[in-house]
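# Fold and geometry: a report
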Amino acid sequence: MILIKAEVKEKLKKRWWWYLLEAGLFFIIIIADLVSKHVLANKIKIGTERQFIPKVLSLTHLHNTGGAFSSLENHTVFLTVITALLLIGIGVFLVLDLKQGLEIRIPLIFIVAGGFGNLVDRIKFRYVRDFFKFEFINWGVFNIADVFVSNGAIILIIVLIVQLVKEIKKDK
């Protein structure tokens, strides 16, 4: 049995509803990602492109055997193992470290949910299904999971920098 400090138990009792909302957010992100991939994969043939919002966004069905921007292409097993280990680590942190504030927890949930959506693809298909392509910038093709992983990471970095600056100012 996991021993939880009394102060953390009290916080858990007071914020149980928020943890329930976090779990809901996690599942909403995963469902949105997997359903969008399923629908778009059935509507758009691989390698084809359809205008969605002219000059802004197109739908392009690609299979990505690599990571972000096709880095480590054709290293699906390596990426699957690394992703699974990272998701387990962050997931354990979220479950065990209940004293963290929402400014840390929400971006981590974004990262874990998005990572899990892509992990499902890697395990099931040995590639990740990507669809969205910005027309006004050469950014690559991505999916909903990628949006949450990227934005979660950006938010987390900003929060950590702000916290660090506050700590430095407090120590002076």
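Residues numbered from 1 in each chain as written. Predicted model: local features only at pLDDT ≥ 70, side-chain atom pairs only at ≥ 80, totals over all residues. Heavy atoms only, no water.

## Side note on the packing of aromatic side chains
Within this structure, the stated rule accounts for eight aromatic pairs. Their ring planes at 45° and their centres at 5.2 Å tell us that F134 and F136 sit as a pair that is tilted. The exposed category is assigned to F136, whose relative accessible area is 55%. Taken together through their ring pairs, the aromatic side chains of F132, F134, F136 and F142 make up a single cluster. (Phe/Tyr/Trp six-rings, centres within 6.5 Å; stacked < 30°, edge-to-face > 60°. Buried < 20%, exposed > 50% of the residue type's maximum accessible area, 1.4 Å probe, protein only.)

## Here we look at the confidence of the model for the chain
Keep in mind that low pLDDT regions are not for reading the predicted coordinates in detail. Confidence in the prediction of the chain, expressed as mean pLDDT, is 88, and 90% of residues score 70 or more. Considering each helix and strand of the chain separately, the mean pLDDT is smallest for helix 1 (residues 6–43), with a value of 87, and largest for helix 3 (residues 102–125), with 95. (pLDDT = per-residue confidence, 0-100. Helix = DSSP H or I, 4+ residues; strand = E, 2+ residues; numbered from the N terminus.)

## Some thoughts on the environment of T80
Residue placement: T80 occurs in helix 2 (residues 76–96). Classification of T80 by relative accessible area gives buried; the value is 15%. Sequence-wise, T80 and V120 are 40 residues apart; in three dimensions their C-alpha atoms are separated by 9.2 Å. Leaving out residues up to four positions away in the same chain, T80 has contacts with L119, R122 and I123. (Contact = heavy atoms within 4.5 Å.)

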